[in-house]
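Residues per chain, in single letters:
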Amino acid sequence: MCWRQNRKKSCRFRPRRGPERKFVTDEIIPPRNVRHVAIIMDGNGRWATRRGLPRLVGHRKGAERVREIVDICPDIGVKYLTLYAFSTENWKRAEAEVAGLMSLFRRYILREAKRLHENRVRVRFIGDRARLDQKLIALMAQLEEKTAKNEHLNLTIALNYGGRDELTRAVRVLAEDTASGRVAPEDITEESLGFYLDTRYLPDPDLIIRTSGEQRVSNFLLWQSAYAEYEFTPTLWPDFTARAFADVVLGASTRERRFGSAAG
Ligand code: FPP
């Protein structure tokens, strides 16, 4: 299956590189039904360990993949990209790894902010910021503000995020609103509950990808994934190229999604 009009050479998508690179051209017909892709970026540690390198080298390599995959999204019709960068459970890792990851997130924002803005990417963060350090929180807020008017791609980075934690925080606020009379219990619906979640501005994900061969959900977008398609790939995140990503998105675009209705 291929969305290229010119099928002479290959059916696989080849990302264009270099300054001449444009977004959607008539060379590519992007699928229209996979608009929100969420990714559990797993396997950085194994990638590094297999090469005899410190785990943080794998995370750094992983950050390079983030750049490449963000770049390709508009070309293949992906309007929302959500990345699981640090879970509420990841604090259990060695102190040095956690510190290294936090420093990597700060450096990513400092290094990529200009480029993301020039590419008209709107960046937002989900998760509980309370446990993050003040410098990182400030950088996150600045990036959100700087890119707030961008519409080419919506990039959401989940930092200190957990689906259960998100639901717990949402229910706490909802309980306060109910107790104070702002919300009547009978007005609580799936839709109104959705507004209490970190993801209130996002459509539900169409596709959730997990790299590295693990086949678990790991507390990611528990509420939002009710009807998402899943794709588990054995490739470790630092090896997951934009081309591999485009192929997975294309593959998913051909799946029949019934949202609970009978087969046609
Ligand atoms: C899981 O792999 C990965 C993480 C906990 C960190 C994800 C972070 C990045 C990809 C770096 C940059 C991200 C951004 C948004 C700039 P793992 O360490 O659990 O791998 P393993 O299962 O092989 O040990």
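Scroll up to find the structure.
Here is a short report on the structure shown in this document. Worth saying up front: this structure is predicted, and the values here are computed from it rather than measured.

## Some details on the overall build of the protein
Point 1. Counting its regular elements, the protein contains seven helices and six strands.
Point 2. Put simply, the protein runs from its N terminus to its C terminus through helices and strands in the order β-α-α-β-α-β-α-β-α-α-β-β-α.
Point 3. With 264 residues in all, the protein has 49% of them scored as buried.
Point 4. In the protein, the share of contacts with a sequence separation of at least 24, taken over all contacts with a separation of at least 6, comes to 77%.
Point 5. For the protein, the accessible area works out to roughly 13900 Å², and carbon and sulfur atoms hold 51% of it.

## Topic: the nonpolar core
Point 1. The biggest cluster of nonpolar side chains holds 49 residues, and the ones touching the most others in it are Val-37, Ile-39, Leu-81, Leu-155, Leu-159 and Phe-245.
Point 2. Ranked by residues supplied to this core, first place goes to helix 3 (residues 95-118) with nine residues.
Point 3. Formed by 10 residues, the second largest nonpolar core is a distinct cluster that contains Ile-40, Ile-126, Tyr-161 and Leu-221.

## Focus: the site of the ligand
Point 1. Neighbouring the ligand are 18 residues; Asp-42, Gly-45, Arg-46, Arg-55 and Arg-93 lie closest to it.
Point 2. Gly-45 is positioned such that a nitrogen or oxygen atom in its backbone is 3.1 Å from an oxygen atom of the ligand.
Point 3. Contact between the ligand and Arg-93: an oxygen atom at 2.6 Å from a side-chain N or O atom of the residue.
Point 4. Burial of the ligand by the protein chains amounts to 92% of its free accessible area of 630 Å².
Point 5. One can see that the ligand is located within the largest pocket.
Point 6. Elements represented by at least two residues in the shell around the ligand include exactly helix 1 (44-49), helix 2 (55-72) and helix 3.
Point 7. Classifying every residue of the shell around the ligand by side-chain character gives nine nonpolar, five polar and four charged.

## Digging into the environment of Arg-93
Point 1. Inspection of the secondary structure assignment puts Arg-93 in the loop between strand 2 (80-87) and helix 3.
Point 2. Among the polar contacts listed, one links the side chain of Arg-93 to the side chain of Glu-97, at a separation of 2.8 Å.

## Description of the sheet that holds strand 3 (residues 121-126)
Point 1. In spatial order, the strands read 3-4-2-1-5-6; together these six strands make up an open sheet with parallel pairing. Each end of this open sheet is capped by a strand with a single partner; those strands are strand 3 and strand 6 (229-232). Averaged over all pairs of adjacent strands, the angle between their axes in this sheet comes to 20 degrees, without regard to strand direction.
Point 2. Alignment of strand 1 (residues 36-40) against strand 2, held across five bridges, turns out to be parallel.

## Re the pattern of salt bridges
Point 1. Under the definition given, this model contains 17 salt bridges.
Point 2. Among the salt bridges present, the one from Arg-115 reaches Asp-71, with a minimum N-O distance of 2.8 Å. You can see Arg-115 sitting in helix 3 and its partner Asp-71 sitting in helix 2, a full 44 residues away along the chain.
Point 3. Exposure remark for Asp-71: the relative accessible area of 15% places this residue in the buried category.
Point 4. Here Glu-97 and Arg-93 are joined by a salt bridge, their closest N and O atoms 2.8 Å apart.
Point 5. Residue Arg-93 is classed as partly exposed on the basis of its relative accessible area of 33%.
Point 6. Here the residues in one salt-bridge network are Asp-42, Arg-46, Arg-210, Glu-214 and Arg-216, joined through shared partners.

## Quick look at unusual backbone geometry
Point 1. One non-glycine residue, Arg-120, lies in the positive phi region at around 55 degrees.
Point 2. Checked against the element boundaries, Arg-120 lands in the loop between helix 3 and strand 3.
Point 3. Not every positive phi belongs to a glycine, and Ser-218 is a case in point at roughly 50 degrees.
Point 4. Mapped onto the secondary structure, Ser-218 falls in the loop between strand 5 (207-210) and strand 6.

Rules used in this analysis
Residues numbered from 1 in each chain as written. Predicted model: local features only at pLDDT ≥ 70, side-chain atom pairs only at ≥ 80, totals over all residues. Heavy atoms only, no water. Helix = DSSP H or I, 4+ residues; strand = E, 2+ residues; numbered from the N terminus. Buried < 20%, exposed > 50% of the residue type's maximum accessible area, 1.4 Å probe, protein only. Contact = heavy atoms within 4.5 Å. Areas by Shrake-Rupley, 256 points an atom, 1.4 Å probe, with all protein chains shown as cover. Core = buried A, V, L, I, M, F, W, Y, C linked by side-chain atoms within 4.5 Å. Near = heavy atom within 4 Å. Polar contact = N/O pair within 3.5 Å; in protein donor to acceptor, adjacent residues only side chain to side chain. 1 Å grid on protein atoms, 1.4 Å probe; cavity = no way out; pocket = protein on both sides within 12 Å on 5 of 7 lines; lining within 4 Å. Sits in = over half its atoms within 2 Å of the grid points. Nonpolar A, V, L, I, M, F, W, Y, C, P; charged D, E, K, R; others polar. Pairing = 2+ DSSP bridges. Axes fitted to C-alpha atoms, helices over the stretch in contact; angles between N-to-C directions. Salt bridge = Lys/Arg side-chain N within 4 Å of Asp/Glu carboxyl O.

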